[in-house]
Amino acid sequence: MQFAAKDQSPCAGRIENLTPGLWLCFYCLPRLVGLFLLLLFGSGLVHANDLEEMEGGHLVLKPALGPPSAAVVQSSKVHFDISGMVAVVKLDQTFRNDSEQWVEGIYGFPLPENAAVRYLEMVIGERKIVGKVREKAEAKAIYQAAKKAGKKAALVEQQRPNLFTNRVANIGPGEEVRVRLEYVQRVDFIAGEFSLRFPMTITPRYMPGTPMVQELDPETSEPVDLNPYLGWAKQTDQVPDANAISPLQHARVGSDLAPLNPIEITARLDMGMPLAKVDSAYHQLSLSRDKGRYEIALVGGVSEMDRDFVLNWQPVTGAVPSAAMFTEQVDDEYFGLLLVVPPALNQAAPALSRELIFVVDTSGSMGGVSIEQARASLSQALQQLGPNDRFNVIEFNSGFRTLFHQAVAANHSNVHRAQNYVERLQASGGTEMLPALRRALQPPQVPDLYREQSDVRQVVFITDGAVGNEVALFEEIAAQLGRTRLFTVGIGSAPNSWFMRKAAEFGRGTHTHIGDINEVGAKMTRLFQQMAAPAALDINLQWPLAAETWPQQIPDLYSGEPLLVAASFGNTLPVGEVTVTGMLGDQQWQRRLNLVAPDADTAFNQHPGVASLWARQKITGLLDQKVLGRSDEAVRAEVLPLALAHQLMSPYTSFVAVEEKVTRPAGEDLSKSPVPNTRPRGQSPQSYAYPGTATNGPLHLLIGMLLLLLALFVNGRLLSPKISAGA
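Predicted model only: the values in this text are computed from it and were never measured. (Residues numbered from 1 in each chain as written. Predicted model: local features only at pLDDT ≥ 70, side-chain atom pairs only at ≥ 80, totals over all residues. Heavy atoms only, no water.)

Honestly, the overall build of the chain in this entry has me stumped. Any pointers?
When its secondary structure is counted, the chain shows 13 helices and 34 strands. Residues counted as buried form 53% of the 727 residues belonging to the chain. As displayed, the chain offers around 32000 Å² of accessible surface, 53% of which is attributable to carbon and sulfur atoms. (Helix = DSSP H or I, 4+ residues; strand = E, 2+ residues; numbered from the N terminus. Buried < 20%, exposed > 50% of the residue type's maximum accessible area, 1.4 Å probe, protein only. Areas by Shrake-Rupley, 256 points an atom, 1.4 Å probe, with all protein chains shown as cover.)

This is the structure we're talking about:
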């Protein structure tokens, strides 16, 4: 009677005849499981939704209980001082706490992969605290002690060569703290054009592997915090630092008119030669010229940090250098940066027969304009295949698929079939890059007995590089390359440029970045011109005195690419000529360049930053040795003293600055506040808690429980008539 009174639905007759045990299973159990799921997942999912609704450009205050809220406004300012092949860059990051709580700001940000970070300054009002480079563990201990004591402190750590974390402790209610970084960056020079790139946001990276089990603190028996940076990713056996390289990504899209993360960009350009043009591919510039120097700013004053800033400039005809030496003296030591441009062939080279493997990324992070650019790039590449070429297409996301069983002739039928295949490519799933890369580098298992082997084998890899296991991929390339050459094409407004450049370097190819659909035609045409022309090989340098140079092994050089070598001459003033020789096809070529005149000592003060670039280049070369099998201990033993001597950030060193004054009152709690990056321009939305490029373990469990509930419901509806009839 009690059941009948409570349920007057059409199913009441069935339910009232259920035994109490069956009623509990079919009526109460789904509600109990739903409540359990709400308690288990509710906080994480609610937090993700709350983040989507918040205004952007804020650090996010994450209290112990309750949803996050906007806490600290973050803004940036960057200035480039460019002279010759060297740019000295000053980056200011300002954090203003608009909340009523004391907070610790945590901000993940990108920098150029070849940046030599050499100075840190924390500014509080009129007070300036200069940071010092310390061994990484020591710097972290100093910061933690200052944070606990209530002192203002800043800690900047390198997570990847192009990804850093800035932590600022004890920002009081209503306070503003500015962290100023200075780094040195090498200018790029390709095909007669100079360029400089400054990344401004982070594409969420896919983290392959199995999530690591959370360890317990031996003293407190409480779970160890494996996620101190509050990023979305869980640590895995393949990416143990996944949490540190996955800062929160804001779901809302900013604009230059109403930026979420605003940045002011200015530059001074002094090349010492007349320029035909100065422009930016993705920003509008305001230019003023004074005696050959250019002052550069953004037309709108500020920009949204949702795509890379790229500055290009081109000398007038005849002013392009074929060789140059940029120098600096630091104390009693002399350093140089050598630029040599190989000549073009004097006559047309015969067409090579090539086997080309096109690998295209169709994972979730490629959604939006990136997949459009990838399709256009691959379509353009297919159009440029020659009659002597053979080709194949490999698509990858959570798995990989090959269009043909093996490379086929580039005839009209096969190219047309490939074009149709490319037009249907869509972005979804994970970024399991390693199996696809391994397949692309693998030579044909069954040789074609009716066709001679191709003269060259080339792989064109089209991706945004949004992965966290970069080193494992470099190791695969180095081990499996053989006679193949790997060329990378970076796609999107904020690709992982470090991975793309380094993969091409280990692959003895080149890197091309395409950030806009309008660049596809020109850049893919130039790439194929590079791939079709013979590379400059067997390059040798002869110095007039002892010099420690990096890179130690000169790579192959392709059409339009310069040779850039950093050198240290110790305490000896370098005089005389350096001679560069090499082979271009079947032709030998040579360049001679005076280092410096014996009476021109002052020339070594013209390009500040060359010494830092040499040290950074050496650190990079030493770290590359780990990919080739050298132990981390041996590499660390050489990198650590070098980074400390030149005060540079590295995987083994960090910058720390501490104000000795205690500012946070005793008894006031400190909340962590991670800052979200603006979503890269044109990218499809990526989930905060569980990114679109990865299906997390908890999400699998949630889906499984929901399916279980559905099964119980359906099963209950099917059993109810039988139970009712039996009654």
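Can you help me understand helix 12 (residues 632-645) in this one?
Every α-helix carries 3.6 residues per turn, so stepping three or four residues along brings you back to the same face. Between its first and last C-alpha, helix 12 extends 20 Å over 14 residues, near the 20 Å set by a 1.5 Å rise per residue. Within the span of helix 12, buried status applies to V635, V639, L640, L642 and A643. Next to the buried residues of helix 12 lie strand 7 (132-135), helix 11 (610-627) and strand 33 (653-662). A positive phi of about 50 degrees marks Q647, the residue just after helix 12. (Expected span 1.5 Å × (residues − 1). Contact = heavy atoms within 4.5 Å.)

In this structure, what is going on with the sheet that holds strand 29 (residues 548-550)? I would like to understand it.
Working definition: the strands of a sheet are paired by backbone hydrogen bonds and lie parallel or antiparallel to each other. Taken in spatial order, the 4 strands of this open sheet run 19-20-30-29, and their pairing is antiparallel. A strand with exactly one partner marks an edge of an open sheet, and here the two such strands are strand 19 (323-330) and strand 29. Neighbour to neighbour, the strand axes of the sheet diverge by 20 degrees on average, direction disregarded. Each of strand 19, strand 20 (333-340), strand 29 and strand 30 (563-568) is contacted by helix 11, which is oriented at about 70 degrees to strand 29, the strand it contacts most. (Pairing = 2+ DSSP bridges. Axes fitted to C-alpha atoms, helices over the stretch in contact; angles between N-to-C directions.)

Any chance you could explain the sheet that holds strand 14 (residues 275-280) here in plain terms?
Spatially, the 4 strands line up as an open sheet ordered 11-12-18-14, and their pairing is antiparallel. The open sheet has two free edges, formed respectively by strand 11 (188-190) and strand 14, since each of these has just one partner strand. Pairs of neighbouring strands in the sheet enclose a mean axial angle of 20 degrees, with direction left out of account. Both strand 12 (residues 193-198) and strand 18 (residues 309-315) contribute to a ladder of 5 bridges, which runs antiparallel. Among the inter-strand pairings, S195 is bridged to a residue of strand 18, identified as N312.

Explain the pattern of salt bridges to me, please; I cannot follow it from the model alone.
Any two side chains of opposite charge can pair, on the condition that their charged atoms come close. In total, this model carries 36 salt bridges according to the counting rule given. Between E295 and R268 there is a salt bridge whose closest N-O contact spans 2.7 Å. On the criterion of sequence distance, the pair formed by E295 in strand 16 (residues 293-298) and R268 in strand 13 (residues 262-270) is long-range, its members being 27 residues apart. For R268, a relative accessible area of 34% translates into the label partly exposed. For the salt bridge of D632 with K626, the shortest nitrogen-to-oxygen distance reads 3.0 Å. (Salt bridge = Lys/Arg side-chain N within 4 Å of Asp/Glu carboxyl O.)

Please explain unusual backbone geometry as it appears in this structure.
Most peptide bonds are trans, and most residues other than glycine sit at a negative phi. That bond from W550 to P551 is cis: its omega, 5 degrees, falls within 30 degrees of zero. If you trace the backbone, P551 turns up in the loop between strand 29 and strand 30. Phi at N170 takes a positive value of approximately 65 degrees, unusual for a residue other than glycine. As for its position among the elements, N170 is in strand 9 (residues 163-171). For K291, which is not a glycine, the phi torsion comes out positive at approximately 55 degrees. Judged by its relative accessible area of 83%, K291 falls in the exposed class.

Explanation requested: the packing of aromatic side chains in the structure shown.
Any pair of aromatic rings gets described here by the distance separating the centres and the angle formed by the planes. One pass over the full model with this rule turns up 16 aromatic pairs. Between F95 and Y107 the ring centres are 6.3 Å apart and the planes differ by 75 degrees, which places this aromatic pair in the edge-to-face class. Within this pair, whereas F95 is found in strand 3 (residues 86-97), its partner Y107 is found in strand 4 (residues 102-110), the two being separated by 12 residues in sequence. On the basis of an interplanar angle of 90 degrees and a centroid distance of 5.4 Å, the ring pair of F474 and W498 is categorised as edge-to-face. Of this pair, F474 sits in helix 8 (residues 470-480) while W498 sits in helix 9 (residues 497-506); the two residues are 24 residues apart in sequence, bridging distant segments of the chain. Judged by its relative accessible area of 2%, F474 is buried. Aromatic rings pair up to connect F95, Y107, F109 and F164 into one cluster. (Phe/Tyr/Trp six-rings, centres within 6.5 Å; stacked < 30°, edge-to-face > 60°.)

Would you mind showing me how to read the environment of D81 here?
Tracing the backbone through its elements, the reader meets D81 in strand 2 (residues 69-83). Of the residues examined, D81 reaches a relative accessible area of 36% and is grouped as partly exposed. Sequence separation of D81 and E295 is 214 residues, and the distance between their C-alpha atoms is 9.7 Å.

Explain the environment of A522 to me, please; I cannot follow it from the model alone.
Inspection of the secondary structure puts A522 in helix 10 (residues 520-532). When its relative accessible area of 59% is taken as the criterion, A522 is described as exposed. The spacing of A522 and Q380 is 142 residues in sequence and 9.8 Å in space, taken between C-alpha atoms.

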